[in-house]
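Here is how the chains run, residue by residue.
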Amino acid sequence: MTRTHGSPLMIRTSLVLRRRSRLIVAALVIAVPLVGLYALTLGSSDLSLGETAAGVLGIGESGTTFVVRGLRLPRILVAIAAGAALGASGFLLQGLLRNPLGSPDVMGVTAGASLAAVLAIGAELAPFLLPLAAAAGAGIATATLHLLTTRSRAAGARLILAGIGIHAAASAATVLTVARLPFGRLGAAEVWLAGSLHARTWAHVVAVTVAVAVTLPVAYALVRRLGLLELGEDVAIGAGVPVRATRVELLVIATILAGAAVAVTGPVGFVALGAPHIARRIVGQSGAATLATAGLVGAILLLVADVIGQRVFHPTPIAAGVVTAVLGAPYLLWLLHRWGRR
Amino acid sequence: MMRSRSVPLAAWLAGAALLATACGASPDSTQDEPKGEAAASASDTDEGADADGDDAAADHATGEVEVEHAMGATTVTCTPERVVTLGQGQTDSTLALGVTPVGVVQPWTDDWYEYLPAAVEEPTVVGTELEPDLEAIAALEPDVILGSKLRHEAFYEQLSQIAPTVFSETIGVAWKDNVSLWAQALCRDDEGAEVLAAYEERADELESALEEAGMADTEVSMIRFQPDEVRIYLTGFPGSVLRDAGLQRPVEQRVDDWATSPQLIEISEERIPEMDGDVIFVMVSSDSYAQAEGYDLDETMERWTSTELWQGLSAVQEDAVHKVNEQHWNLGGGILAANAMLEDLEEYFLEEQPTS
Amino acid sequence: MIRRVGVIVLAAVVLVAVSAVSIAVGSVTLPLGEVLDAITGARSSDAHLIVSDLRVPRMIGGLVAGGCLGVAGVLLQGATRNPIASPSMLGITAGGGFAVAMGVAFLGLPAGAAVWVAFVGGAGAAALALALASTGRDGLSPIRLVLSGAIVSSLLGAWTAGLLAIDQRTADDVRHWLAGSLAGREVAAVGPLLPIVAVALVAAWVLARPLDALALGDETAVGLGQRPGRIRLGAAGLAVLLSAVAVALAGPIAFVGLAVPHVARWLVGSEHRLVLLVSLFLGPAMLLGADVVGRVVARPSEVQAGVLTALLGAPLLIRLAVRAKVAS
């Protein structure tokens, strides 16, 4: 936490940092659509950039336009919005819990969403209700964690362990539910649990975009108070932050973001955990720029995972969630190793 | 970076744990369906199946036909030539109706089912039954797409934008209704009626032959061993063919309500006695099938069949355990598979064992 | 003292009762009379065969695997002085299960080699977790060790998921090994494992006193003539071996090794010999209990015992996390 004020050198450093982070955010803002455009060219048959652009604008062949606008664009937009939501959610939770492990996929939020989704699949709810169920499951898991931990005032690593416990319980309950699913529903459950961007529709895009559009401004408004909270509760109180209310607000926003993302993609791991770390590495401390970077990096991670999943065993696709899990886990190991060496 | 003391970096890898669990662990425990289920949930025969075939009586005529199906009514321009099938049963029955699809989904096995005509190799493969590749389908510019609400409900909207899309309610047990539905959607009602009539006739003949041979009461058990589970089949596609052939089922394998019963159950070893019958058909993969004798086809089967419980089954004692190819007994789920099954039954009951 | 003896007897009685239930209750309902006949050696009906050929071997597998996990948990918690340490929390069962699944499914190793494969995999995972936990600036801490174990488990889980996504065929085989269940294992495998288990249990008993000393702090232990490093290494090695036996018999079962020692300590205090004894009884009781519930909860099918131990054990983990006095 290099939020030291005072010495001229420090002030200069922070100015440099600020300029640098603006540049980084700007670069990412440009990079996301570029990566997205590249992803748009890929599919069961690849298109040229020109064809793709024409498809997006609706001025190309009608077949191409349909493939680009009707099939690829919703998928890419869902990846961007859900990735951004995951990144932002992880950023808020990590800050709130003051723990780098505090991400929705670690803390049982995602597992709660999965459980609810599998229950919904078992109840044969219409597919469009699945996201709602998943979001509700995420909310219930968070509320449980919140109740458990506020009552005992647990914090830090203990909270993470409690989250791991919730995760384990929800995962076991998911297995139990799947074991009792009627036979024909197994496929649907399995596909959903893999965390896939396959066949996303504009309805998914609208759902996740609305959630992100509503919550991100709130998150942005909370960033300053979050920064103070990260310095310690005493500091925050001293600065006039309503600590309890802020915590609840952060938790709610982070859950909505994670729930919305999981709802439209299934449980995609690592993005919410990894994106904020990468953001903090390249932009530095907590702040609006870090929030923005976490979201943008999350979007890129999910996009890239989807591209890898589509290409690596082409034409057999691998779910994006599998890719993030397989590649994300060693990445974390590597990071850990590096940090230990410092 | 976060440097709060209480949060060792090592810790955050743990995060990975969660994600891994999220992505990995739960699916692990899910058993996968692509073991070839002609699955059918509780839903009963589809409404679309017996829908109005009357106004489309035209044989491959031009014009249009409005098909009532699981997702509503869809207008198909006759006669569709470029057909995409999103399930094994659709592929099978479409071929039976004399149409070679332009796009099909992967079979559940590595290679195409042996019972299918060679023409099945021609179409483009457009993903899997669970996750069809919508782009590849669009690229084929189909005239009609055939799928099922059970499997493909979530894709209906996008598919409909590609071509008129007709869904059966479910698959498996309702396969005969579905053949009529596909026939209607392909403007080939007559062919549909023909193949179904031929099948019914053949099944009836088998039934009478069984009666003549005094085997009408034969109770037939159907099971399948897999590495992580063992199943008894109750209804579903294979159950319905047995029923059409007039064969009986062991008491434990009879169901009260054909339409709503689970089509199969997964069992534990304790339920081996429920596998018994006058005959036990063991569905095995074609690889195993080719290996002829011996039950040591895989570990599960070896373990289960080496128990005294299994050895004590009357069918085992009578040497009436018969391996059959799961491709047409279980994985196909269309009218060609049904005929192939009848052939197996004819061969087993009428040729191999002239006396009972 | 009398109370402690009473508790040990009670734990033994609980185990006998649960074992009896595991013979009497299964996915098929059998008349009690038939069950009793079967125990006395009758083999004339399906019910008799179900009891003597399926339920009894399964119970024996559960007894051994559960006992191993309970004792392994005690050893790990003692060696690390960490109430959240256990075979599953340190990645040992996941490592063992992963190694066995890969070895059997991909390399075609004979199932008889499972215990040694599981030992290597479990030891590897534990070493990795330990290495991860020690690389931080502040050195090894209990919480960090547990979180590192969770990371290692997750890593293995992720890779398993990746492999499953690629190879559907092998996936079925792997699932069988990773199920965490007493069903469908080769119970004949128990026999060759018994000498290993016996030696490990004796060694654990011998280590109990040194672990008591260790509980007082390393310096005190040294003062008492103990060598903390050796004790730790020995206890951890034994725990990995015992976990490997459990994995070979039942797959990666989570939370038994975590929960049982806590219940034991709550009952008899912290003296390791007593905790070991009680855990030796309660470990199998928990595993067999979970197995019985799994047999009846989704009839006619079964749910793996590991799923139910997780459902039972996870709340305890949460409780420990928010209440227990663990130095973070």
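What you see is a predicted model, and the numbers here were worked out from it, not measured in a lab.

The rules behind the values
Residues numbered from 1 in each chain as written. Chains lettered and ligands numbered in written order. Predicted model: local features only at pLDDT ≥ 70, side-chain atom pairs only at ≥ 80, totals over all residues. Helix = DSSP H or I, 4+ residues; strand = E, 2+ residues; numbered from the N terminus. Buried ≥ 20, exposed ≤ 12 C-beta atoms within 10 Å, placed from the backbone. Contact = placed C-beta atoms within 7 Å. Rg over C-alpha atoms; globule rule 2.2 N^0.38 Å. Core = buried A, V, L, I, M, F, W, Y, C linked by C-beta atoms within 7 Å. Expected span 1.5 Å × (residues − 1). Pairing = 2+ DSSP bridges. Axes fitted to C-alpha atoms, helices over the stretch in contact; angles between N-to-C directions. Parallel < 35°, antiparallel > 145°, perpendicular 65-115°, else oblique. Left-handed = near helix turned anticlockwise from the far one by under 90°. Nonpolar A, V, L, I, M, F, W, Y, C, P; charged D, E, K, R; others polar. pLDDT = per-residue confidence, 0-100.

## Topic: the overall build of chain B
Move 1: What chain B contains, in helices and strands, is 14 helices and 12 strands.
Move 2: Relative to its 356 residues, chain B shows a buried fraction of 60%.
Move 3: Relative to all contacts within chain B whose residues are 6 or more apart in sequence, the contacts with residues 24 or more apart total 70%.

## Quick look at the overall build of chain C
Move 1: Check the secondary structure of chain C and you find 13 helices and 0 strands.
Move 2: Seen in sequence order, chain C has helices and strands lined up from the N terminus as α-α-α-α-α-α-α-α-α-α-α-α-α.
Move 3: Taken over the C-alpha trace, chain C has a radius of gyration of 20 Å; the compact-globule value for 328 residues is 20 Å, and the two agree within 12%.
Move 4: Evaluated residue by residue, chain C yields a buried proportion of 61% over its 328 residues.
Move 5: Taking as baseline every contact in chain C between residues at least 6 positions apart, the subset at least 24 positions apart corresponds to 75%.

## Some points on the nonpolar core
Move 1: If you look at the biggest cluster of nonpolar residues, it comprises 337 residues, and the most contacted ones within it are A:A85, A:V208, A:A260 and C:V245.
Move 2: Here this core takes 19 residues from helix α3 (residues 62-97) of chain A, the largest share from any one element.
Move 3: With sequence-adjacent residues up to four places away left out, C:V245 is seen in contact with C:V64, C:C68, C:V115, C:L193, C:I196 and C:V197.

## A few points about helix α7 (residues 189-212) of chain B
All names here are of chain B.
Move 1: The terminal C-alpha atoms of α7, which comprises 24 residues, lie 34 Å apart, in line with the 34 Å expected from a rise of 1.5 Å per residue.
Move 2: Turning to α7, its buried residues are D189, G192, V195, Y199, A203, L206 and L210.
Move 3: One or two steps after α7, the chain reaches G214, where phi turns positive at roughly 75 degrees.

## Some details on the sheet that holds strand β11 (residues 279-284) of chain B
Residues and elements named next belong to chain B.
Move 1: With mixed pairing, 5 strands are arranged side by side in an open sheet as β10-β9-β8-β11-β12. Each having just a single partner strand, β10 (264-267) and β12 (321-325) make up the two edges of the open sheet. Adjacent strand axes in the sheet meet at a mean angle of 30 degrees, parallel and antiparallel pairs treated alike.
Move 2: Running at roughly 35 degrees to strand β9 (residues 229-233), helix α8 (residues 236-244) makes contact with β8 (220-226), β9 and β10 of the sheet.

## Some remarks on the sheet that holds strand β7 (residues 165-168) of chain B
Residue and element names in this part refer to chain B.
Move 1: Ordered by their spatial adjacency, 5 strands build an open sheet running β5-β4-β3-β6-β7, and the pairing between neighbours is parallel. The sheet terminates laterally at β5 (124-125) and β7, the two strands that pair on one side only.
Move 2: Pairing between strand β3 (residues 83-85) and strand β6 (residues 144-148): 3 bridges, direction parallel. In the strand pairing of β6, T85 is matched with L146.
Move 3: Each of β3, β4 (103-104) and β6 is contacted by helix α2 (residues 88-96), which is oriented at about 140 degrees to β3, the strand it contacts most.
Move 4: Strand contacts of helix α6 (residues 175-185): β6 and β7, with the helix running at about 170 degrees to β7, the strand carrying the most contacts.

## Here's the deal with the packing of α3(A) against helix α12 (residues 288-311) of chain A
All names here are of chain A.
Move 1: Between α3 and α12, the least distance of the axes is 6 Å, while the angle of their chain directions is 135 degrees. By the angle class used here, α3 and α12 are oblique. Here the hand of the crossing between α3 and α12 comes out right-handed. When α3 is examined against α12, the residues I76, A79, I80, A82, G83, A84, L86, G87, A88, G90 and F91 are found in contact with a partner set consisting of T290, L291, A294, G295, L296, V297, G298, A299, L301, L302, L303 and D306.
Move 2: Of the residues contributing to the contact of α3 with α12, the split by class is 16 nonpolar, 6 polar and 1 charged.

## Here we look at the packing of helix α4 (residues 109-122) of chain A against helix α6 (residues 157-179) of chain A
All names here are of chain A.
Move 1: Here α4 crosses α6 at 15 degrees, and the two axes come no closer than 8 Å. Relative to α6, the element α4 is oriented roughly parallel. The two elements α4 and α6 meet at a crossing, and its hand is left-handed. Of α6, the residues touching α4 (which contributes A111, G112, S114, L115, V118, L119 and G122) are H167, A170, S171, A173, T174, T177 and V178.
Move 2: For the contact of α4 with α6, the class distribution of residues is 7 nonpolar, 7 polar and no charged.

## Regarding unusual backbone geometry
Move 1: Of note, the amide linkage connecting B:C78 to B:T79 takes the cis form, showing an omega dihedral of -10 degrees.
Move 2: Within the element layout of this structure, B:T79 appears in the loop between β2 (72-78) and β3.
Move 3: Positioned with a positive phi, B:D319 is a non-glycine residue whose angle comes to about 60 degrees.
Move 4: Within the secondary structure, B:D319 sits in the loop between α12 (314-317) and β12.
Move 5: In this structure, C:R81 takes a positive phi of about 50 degrees despite not being glycine.

## Points about the environment of B:A70
Residues and elements named next belong to chain B.
Move 1: Positionally, A70 belongs in the loop between β1 (63-69) and β2.
Move 2: Judged by C-beta crowding, with 22 C-beta atoms within 10 Å, A70 ranks as buried.
Move 3: Each C-alpha atom, one on A70 and one on M275, is 35 Å from the other, the two residues being 205 residues apart in sequence.

## With respect to the environment of C:G103
Move 1: Counting through the fold element by element, C:G103 comes out in helix α4 (residues 92-105).
Move 2: For C:G103, the contacting residues outside a window of four places in its chain are C:L109 and C:V117.

## Here we look at the confidence of the model for chain B
Residues and elements named next belong to chain B.
Move 1: Of all residues in chain B, 78% attain a pLDDT of 70 or more, and the chain-wide mean is 79.
Move 2: Scored below 50 in pLDDT, residues 1-59 makes 238 contacts in the model with residues more than four places away or belonging to other chains.
Move 3: Note that residues 290-296 has pLDDT below 50 and, in this model, 5 contacts with residues that lie over four places away or in other chains.

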